[in-house]
Every structure is written in C-alpha cells, then in structure tokens.
Amino acid sequence: MNISELQQYVRDFSEAKGFDKSTIEQRMLYLMTELGELSKEVLSVSFHPDREQSENLGHEMFDIVWNVMDLANKLDIDLNQAFQAKMAINDKRSWGK
C-alpha cells in the first residue's frame, strides 16, 4: 500500500465510522495523545532492553500515521504530493556533515 492508498483508506474508514465529524483541533489532540502513548512504549523498551518488544510499538506508530493522514484529509493536503515536494527540498539541503 502506498501513501495515496493509505490516505484514501483513512478517508473511507473515517467516513464509515463517523470519525470525519471531528474537528481539526480534536484530531490534533488525538494525535498528541497517540504520540504520548508511543513515547510510553519506547521508554518501556529503553528501560527494559532485554524484554521482548511489544507489538504495541507498531500499533501506536500506526495510530500516529492514521491520525496524521486523517488530519491531512481534513486540511485537503495530498500527502503523496507533500512528501515528493519535501523530498526534493531535502535533496538540496545539507545538515552540516
């Protein structure tokens, strides 16, 4: 699945489940909540490196990407185009190596 397909999946799922009714402010708060949940999972792994990594890490990452895509849909941003444009900018940048 590519970025455009995933963004369309999020749009369709949001409409089917009624998530499309949330505001951009609400979606941003959901995104921040998911970032906090991922932070908790990452810290757990860092404090217990010998413990097997939880599949929750991947689930929390999915939730973050999903919320970003839903926010992009609400703001009419085509993430595939945005990624291509930003990659072109980054190709010309240097980070002081």
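Residues numbered from 1 in each chain as written. Predicted model: local features only at pLDDT ≥ 70, side-chain atom pairs only at ≥ 80, totals over all residues. Heavy atoms only, no water.

A. Just the environment of G36, in detail. Locating G36 in the fold gives a position in helix 2 (residues 24-47). Take G36: its relative accessible area is 37%, and that puts it in the partly exposed class. Separated by 24 residues in sequence, G36 and E60 place their C-alpha atoms 9.3 Å apart. (Helix = DSSP H or I, 4+ residues; strand = E, 2+ residues; numbered from the N terminus. Buried < 20%, exposed > 50% of the residue type's maximum accessible area, 1.4 Å probe, protein only.)

B. The arrangement of the packing of aromatic side chains in detail. Scanning the entire structure with this criterion turns up four aromatic pairs. Plain terms: the ring middles of F13 and W66 are 6.3 Å apart, the flat faces sit at 85° to each other, and that makes the pair edge-to-face. With a gap of 53 residues between them, F13 in helix 1 (residues 3-17) and W66 in helix 3 (residues 56-74) connect regions that are remote in the sequence. Residue classification places W66 among the buried positions, given a relative accessible area of 10%. Linked through ring pairs, Y9, F13, F19 and W66 together constitute an aromatic cluster. (Phe/Tyr/Trp six-rings, centres within 6.5 Å; stacked < 30°, edge-to-face > 60°.)

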